[in-house]
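Summary of the model geometry
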Amino acid sequence: MFVHLQGSWNPIYGRLSLHEIPFKTQIIQGAFFFVVLTALAVLTAITYYKKWRYLWEEWLTSLDHKKIGVMYIVLGLVMLFRGFIDAVMIRSQQVMAIGPHSAGYLGALHGYLPPYHFDQIYSSHGTIMILFAITPILTGLMAIMVPLQIGARDLAFPYLNALTFYLTAAGAALVMVSLFVGDFSHAGWVGLIPLTELPYSPDVGTDYWMWAVQLSGIGSTLSSVNLIATIIKMRAPGMGWNEVPIFTWTALSTSVIGVTAFPVLSAALFMLAADRYLGTHFFTASFGGDLMFYTDLFWIWGHPEVYFVVLPAFGIISEVIPTFSEKALFGYTSMAVAALAIAGLSWMVWLHHFFTMGAGPGVNLFYGAATMLVGVPTGVKAFNWALTLYRGRLRFDAPMLWCLGAYALLLIGGLSGIMLAMPAVDYSVHNSAFLIAHFHSFMLLITFAAIAGYQFWFPKVFGFYLDDGAGRKAFWFFSAGTLAVFGSLYALGFMGMTRRLDYIPFVQWRPPLIAAEVGIFFYCVASYYLVRQLYVGLRDRKTRPAGADPWATTRSLEWLTWSPVPAYNYPVLPVVHGRDEWAWRREHEYVDRVPDHYFDIVMPKNTSVPLLLGALSFGLGFGLVWRIWWLCAVTIAGILLVVIIRSFDNHTEHTLSAALVAKLDGGEGGLPDAPGSVNPYPSPMPVPFFAKTGAVSRCADRVASTLREGVVAPGPLGKGARR
Amino acid sequence: MPSRDRPRALYGLALICLCLGGCQARSVWLFHPHGAVAAAEFHYTVIDFAIMILIVGPLLVATALIIVRYRKGRNARYDPHFKKSRVLEALMWGVPIATVGVLTYFSYQAVYLADPYDPTAIPRSLAEKSRPPPTAGRTSHFAAYPRSNGTVRHGPQVDVNVITTDWQWVFIYPRTGITTVDRLVVPVDTPVHFRLTSATVVNDFLIPELVGEIDIMPGMRTKLAMIASRPGNYRGYSANFSGGGFSWMGFTTTVVSRRAYRAWTRKAARAPDRMTYAAFDKIAKPTINLAEKPMYFSRTQKGLFDHVIRRVLTGRVYETPLRMTENMTKPLYVKVLH
Amino acid sequence: MSSYEEEPLSHPEVRDLDVRLSVASFVATAALLTFSFMVVVRDAWSIPSLSIAIALMAGLAAAAQLIGALQLTLAPSRRWFTACFLLCIPLYMLTVGLTAWMFATLYTRTMMPHLMP
Amino acid sequence: MSGQEAIREQGLWDRKDVHHDKIGTHTLGFWLYMLSDSMVYAALFGASVVLGHRMNAAGGPMGATVLHPLSAYWETLLLLASGLAYGLALQGLKRGRKALVLAWMTVAFLLGAGFAALSVHTLLALIARGITPERSGYLSADLALIVYHALHIGLGLVWFLVMMVQVAVFGFHPNVVYRLLNLKLFWFFQSFVWVLVFSFTYLRGVLI
């Protein structure tokens, strides 16, 4: 039944043997030592500060959507770092390996990477950046913000939320393991067929790629299910579809794509797996397979996937720009309709990824026109943002700058996108550096927006500010880097340079490549400032606590609750009176954050089951990669068993009594409050694990005591108004 | 990097803006098409860009002006209630839709002009060359183009069957029976019709100055047609990653006059080697084309192209050792044009 | 504590369960599929008309399953289910239909069936 | 409406304390998951369309040689009857009668098991005749669709067992109720898919 494989296999270790650990390659040695040392340092630090219990109880087994979101983002940032290192390596190789007379280092003929190694690096760069960096960061932001924005206590399925996180983490772990045990795929992040078929990739690289993508894909599908169910079913009282915040609209559109498009990827990968493991002929060139069918299925997912990541980015921009323009978003309805239209149209454009396949002109024309049509709602969004800025009072805090950068990139990327949408133009620049530059315009738009979102909502989640100055410096260097790298790549595209070259045959491509390398340097500086921003924020967290409404001109519901957000989000669910509820309340001076009554709150208990399932999935992936069949059988049985046993547990929730909530939230009757004030009784949970426990609350206590002494006048709904 | 290249690098760095603009640098291949199909593609690139910049340009400028004007503290008009306008919203939906309409019209023209299987750009360019003055309407975009089954089709034409292997290009001239490897020689101003297939994985045929891309897929046959308008050497290569030797997978296209082409045909027909099915198997063994050494074969076994497709369809695989590129330390010589 | 958690059987989705619909969908589906099975086995008609008959019967039977068994109706408790499914229908059509269309053109343009033994 | 009026009508904070509708949320979430699963089916149907030409059989068996409408017809009736039995079990749920639910679920399980046994038998018979997915693209696509459906049926049967135990142990706990409703969605969705598989793969397939 299973196909015959090259090399040895034994029932216990499968294909795994000591040869598969590439300890001879210097670069991998270096990476290995780096990873091991970092891991050791982290583990030692956790042990030294005795944080294991805290880590386990407050984070790893938590079902709190904010903590899971934070873990998503941390995972995304770690993988972003890895992907960035890959990018640095790609650009350095290309700038070193130009022309026949370029020297080789570390055993390579040109540059410092042999082709096979280089091919794995760009494949992992693409896979990591799209699926394990950008997607987790955005999913994390959505997981944190959507329940807060719609006034819910948590996502609809908190347990599923943790599970999807651990599935994504298992995928990421597979990618990381591939660095040291075996190889990664050399066939690009898209899995170029038939290069991924067994005869051309007899190694385990493709399997690593396949199962890592499969795991994270299942994770994304399920997290999308979770978000849609949350948005449909759990909106706060009074929030009709006209009052849903715009980021939630984009989260909904994104999730629609996630639910419908990711399964197609799963199907494609299952068929590919059948080809590789069982010898079927879905995508082989021989015996009646059709290799373009893989490309077709992949891009049925792949194109919507682009919108899957770009829509939340649009949502972030649509939240940040109004805040720092001090006015409402222009054209709310258009924006919501545009988000849904993008999600819908994304389904009929996928063939533009292979215009050159040789399909008829009619087919190409149809897909070209459909592709241009996607530009319409995207254009609408751009116009709306411009009109939101118009007649505003613009402040240029770091998040705003990042959003404006994203806006500029949207216009540039959109322009080149429409150029590529014309089949005849695509014939000449398909698979060229121009294409690379185009989709990196969009990927960087997303990165800009994701960084904006991170800086925008950071004070909400953690209760203190990030350093604004460092954030701005990071923005300028990041923009300079983007301009240098992708400006050069646009030019190189017209010069005829194609993608995925590990050796550059033509010396006239050197100047732009050098410029791109300079851009990489700017990126390094920018990432230094991003780290510094976090560091300074952490250092000064005691002196600069963020209030519940840190930007003072925010609009949607999430700014109504405390910063850091209590575990139950809202002590009592707020009633929504209109679009931009918090702006409405501020305008009408109903700024009291403390309700006059409390109820019992039912909260999910912590559980380690998702972590266990994630670990089992990782084991399953690893077993499948190395064809260790006993491990596969054990993990599959384990997963089934764990799911069934968990389903017999009916005591997965605990209740916070109304009295306890009242105490946590500021005492019976509550405290008067004003915008910008601090939660006087922060729950201990939302403090980041790297911050010392107690520091924030001590500082908050100080502020709270000043408040009690009557520095701030009571809100309009004073004690008398409470029923 | 050898030191003699350094001044050029610095020079290039200094002129980076110029290079980014692409201006008149001859190395910006796509801006200097030497074939009707590539010219059509470039033409529509410019049209597409021009139409889009009409929208994007003003929007960028307007946004920049807004950002400057409405900064906080500049006391420009602040109107927090400006959040809805029927007219503006109708415009922002309408204008892009209209633009898409226009672009789709041009797309429609271009897709037939540059259709790889049957580009009408070729008969059109031939018609322009053979007929003294082009009619007034013909240069307009709104005129009908002569279809490919028009009067100019019966002229001389070169057929080339292209087979890609890991990582070489095999060009078969079925009419003369000549086969070349990594060297394509075609006459100027003559339509060249390619049939393409791959013996191993997917490649993409691309000669940036002459013609756009078409996929080359194992077990399938795609077609491509081009015409070169100026003699010279042009670089061709694969645009779709195909494994370890991909970066070296180039070939030189030499466009010569028709007379020189006939002379070349005669000369190549005297080459000692013959291209048989067995000889092809040898060529198809994974080879990295580090030193560009074109090969010539005088006679080709009949039906080699179909034979390769048939073999692929029935499961023939030219296996590629993954790590063969790991230890590429041979000294090499690569001939570089331009 | 919502009332449904105390009395799950009072939930509208439980109350809206309708055994008559299940029976009706079973009868309808079985009859339709029996019909198309019979015409195919008897080989009564030409292939195109058989194909049309099969597609028609399949469509009706699928509708019977969706409305009867899965209860995709407009009842308040079922609306979202129906809406979600309806929104997916275009996607099925795109996934299968557009794919079929473009591979049909691709076959005529690139495939070499006569070279297959 | 001015701010004061709005406040007077609704208040700033929720007064009813309605928690989210757990059963409704779970069934909707599961339905969304089923729809995502249906996209996998769509991709597999796409595969059987794309790989359904004579060329894709690569000279191997095709159509009536591989597919047996008669056994598929019996499978159809079994699956539909199993669905009907589960419908009757849910009627028991509506009336809150545990014994009725358990009895009909057993019937539904047995009928479903009959379907599974028949399809495994068909697959084994094909393999015994050397008709395996490794033979051609056509067989890969067709059998993938059938096997994927059979896998769902297998999982569904496990789920039936688990639910029968849960009904017996917990009675009509909200968790049990929403799982029963989810099982309904799952099980009927498989019969919906089977209607299409039977019509297009089996009946249409033998015509080629």
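Residues numbered from 1 in each chain as written. Chains lettered and ligands numbered in written order. Predicted model: local features only at pLDDT ≥ 70, side-chain atom pairs only at ≥ 80, totals over all residues. Heavy atoms only, no water.

**What about the interface of chain C and chain D?**
Across the contact, 55 residues belong to chain C and 60 residues belong to chain D. Buried area between chain C and chain D, summed over both chains or domains, comes out near 4,900 Å², and the portion from carbon and sulfur atoms is 79%. Where chain C touches chain D, the interface holds zero salt bridges. There are 12 residue pairs in polar contact (both at pLDDT 80 or more) connecting chain C and chain D. Elements supplying a minimum of two residues to the side of chain C that touches chain D: helix 1 (3-6), helix 2 (12-15), helix 3 (19-42), helix 4 (47-69) and helix 5 (79-110) of chain C. (Contact = heavy atoms within 4.5 Å. Buried area = accessible area lost by both parts, 1.4 Å probe. Salt bridge = Lys/Arg side-chain N within 4 Å of Asp/Glu carboxyl O. Polar contact = N/O pair within 3.5 Å; in protein donor to acceptor, adjacent residues only side chain to side chain. Helix = DSSP H or I, 4+ residues; strand = E, 2+ residues; numbered from the N terminus.)

**Observations concerning helix 2 (residues 52-60) of chain A**
Think of an α-helix as 3.6 residues a turn; residues three or four steps apart then line up on the same face. All names here are of chain A. If you check which residues of helix 2 are buried, you get Y54, L55, E58 and W59. Angular distribution of buried residues about the axis of helix 2 spans 100°; they occupy a single face of the element. Looking at the packing, one finds that the buried side of helix 2 touches helix 1 (26-48), helix 3 (65-96) and helix 5 (158-180). (Buried < 20%, exposed > 50% of the residue type's maximum accessible area, 1.4 Å probe, protein only. Arc of directions from axis to C-beta.)

**Notes on the sheet that holds strand 3 (residues 178-181) of chain B**
Residue and element names in this part refer to chain B. Overall, mixed pairing links the six strands, which are arranged 8-5-1-2-3-12 in an open sheet. With one partner strand each, in any of the chains shown, strand 8 (222-226) and strand 12 (295-297) form the two edges of the open sheet. Strand-to-strand twist in this sheet, taken as the mean axis angle between neighbours without regard to direction, amounts to 20°. Strand direction decides the pairing type here: strand 5 (residues 192-198) and strand 8, joined by five bridges, are antiparallel. Bridging across to strand 8, L196 finds its partner in T222. Across the sheet, helix 8 (residues 304-313) touches strand 1 (158-164), strand 2 (169-173) and strand 5, and the angle it forms with strand 5 is around 30°. (Pairing = 2+ DSSP bridges. Axes fitted to C-alpha atoms, helices over the stretch in contact; angles between N-to-C directions.)

**Digging into the environment of A:G205**
Residues and elements named next belong to chain A. Checked against the element boundaries, G205 lands in helix 6 (residues 205-233). Given the relative accessible area of 3%, G205 is considered buried. For the pair formed by G205 and H186, sequence separation is 19 residues and the distance between their alpha carbons is 7.0 Å.

**Points about the confidence of the model for chain B**
Residues and elements named next belong to chain B. The pLDDT averaged across chain B works out to 83; a share of 81% of its residues lies at or above 70. In this model, residues 1-8 is a region of pLDDT below 50 whose contacts with residues beyond four sequence positions or in other chains number eight contacts. The model gives residues 331-338 a pLDDT under 50, and that stretch makes 26 contacts with residues more than four places away or in other chains. (pLDDT = per-residue confidence, 0-100.)

**Let's talk about the sheet that holds strand 6 (residues 203-207) of chain B**
Residue and element names in this part refer to chain B. A sheet is described by the order of its strands in space; here five strands give the open sequence 4-10-9-6-7, paired in mixed fashion. Of all the strands in the sheet, just strand 4 (183-187) and strand 7 (211-216) have a single pairing partner and so form its edges. The average undirected angle you get between the axes of adjacent strands in this sheet is 20°. Relative to strand 9 (residues 232-238), strand 6 runs antiparallel, the two being bridged by two bridges. Across the sheet, F205 pairs through a bridge with S238, a residue of strand 9.

**Remarks on the packing of helix 10 (residues 361-389) of chain A against helix 11 (residues 398-421) of chain A**
Residues and elements named next belong to chain A. In the contact formed by helix 10 and helix 11, the axes pass within 10 Å of each other and the chain directions differ by 155°. Classified by the angle their axes make, helix 10 and helix 11 are roughly antiparallel. Viewed along their axes, helix 10 and helix 11 form a crossing whose handedness is left-handed. Contact residues: G368, T371, M372, G375, T378, A382, W385, A386 and L389 in helix 10; M400, L404, Y407, L410, L411, I418 and A421 in helix 11. Tallied by class, residues from the contact of helix 10 with helix 11 come to 12 nonpolar, four polar and no charged. (Parallel < 35°, antiparallel > 145°, perpendicular 65-115°, else oblique. Left-handed = near helix turned anticlockwise from the far one by under 90°. Nonpolar A, V, L, I, M, F, W, Y, C, P; charged D, E, K, R; others polar.)

**Observations regarding the nonpolar core**
The biggest cluster of nonpolar side chains holds 475 residues, and the ones touching the most others in it are A:L445, A:W509, B:L184, B:F205 and D:W31. Formed jointly, this core draws a minimum of three residues from each of two domains, domain 1 (36-126) and domain 2 (156-317) of chain B. The contacts of A:W509, once residues within four sequence positions are left out, are A:L492, A:M495, A:G496, A:M497, A:L501, A:I504, B:W29 and B:Y237. (Core = buried A, V, L, I, M, F, W, Y, C linked by side-chain atoms within 4.5 Å. Domains from an automatic or database assignment.)

**Things to note about the environment of A:H440**
Residues and elements named next belong to chain A. Within the secondary structure layout, H440 lies in helix 13 (residues 433-462). By relative accessible area, which is 17% here, H440 ends up buried. Separated by 46 residues in sequence, H440 and F486 have C-alpha atoms that sit 7.4 Å apart. Setting aside residues up to four positions removed in sequence, H440 forms contacts with H125, L445 and F486.

**A short note on the side chain of B:N161**
All names here are of chain B. As for its position among the elements, N161 is in strand 1. Of the polar contacts made by the side chain of N161, one reaches the side chain of R195; its length is 3.4 Å. Setting aside anything within four residues of it in sequence, one finds N161 in contact with V170, F171, I172, P174, R195 and F305.

**Focus: a positive patch on the surface**
On the surface, a cluster of positive charge is contributed by B:R258, B:R259, B:R262, B:R266, B:K267 and B:R270. Within the element layout of this structure, B:R262 appears in helix 6 (residues 258-268). (Patch = residues over 30% accessible without salt bridge, like charges linked within 9 Å, V, L, I, M, F, W, Y side chains within 5 Å. Areas by Shrake-Rupley, 256 points an atom, 1.4 Å probe, with all protein chains shown as cover. Lys, Arg positive; Asp, Glu negative; His and termini not counted. Charge placed at Lys NZ, Arg CZ, Asp CG, Glu CD.)

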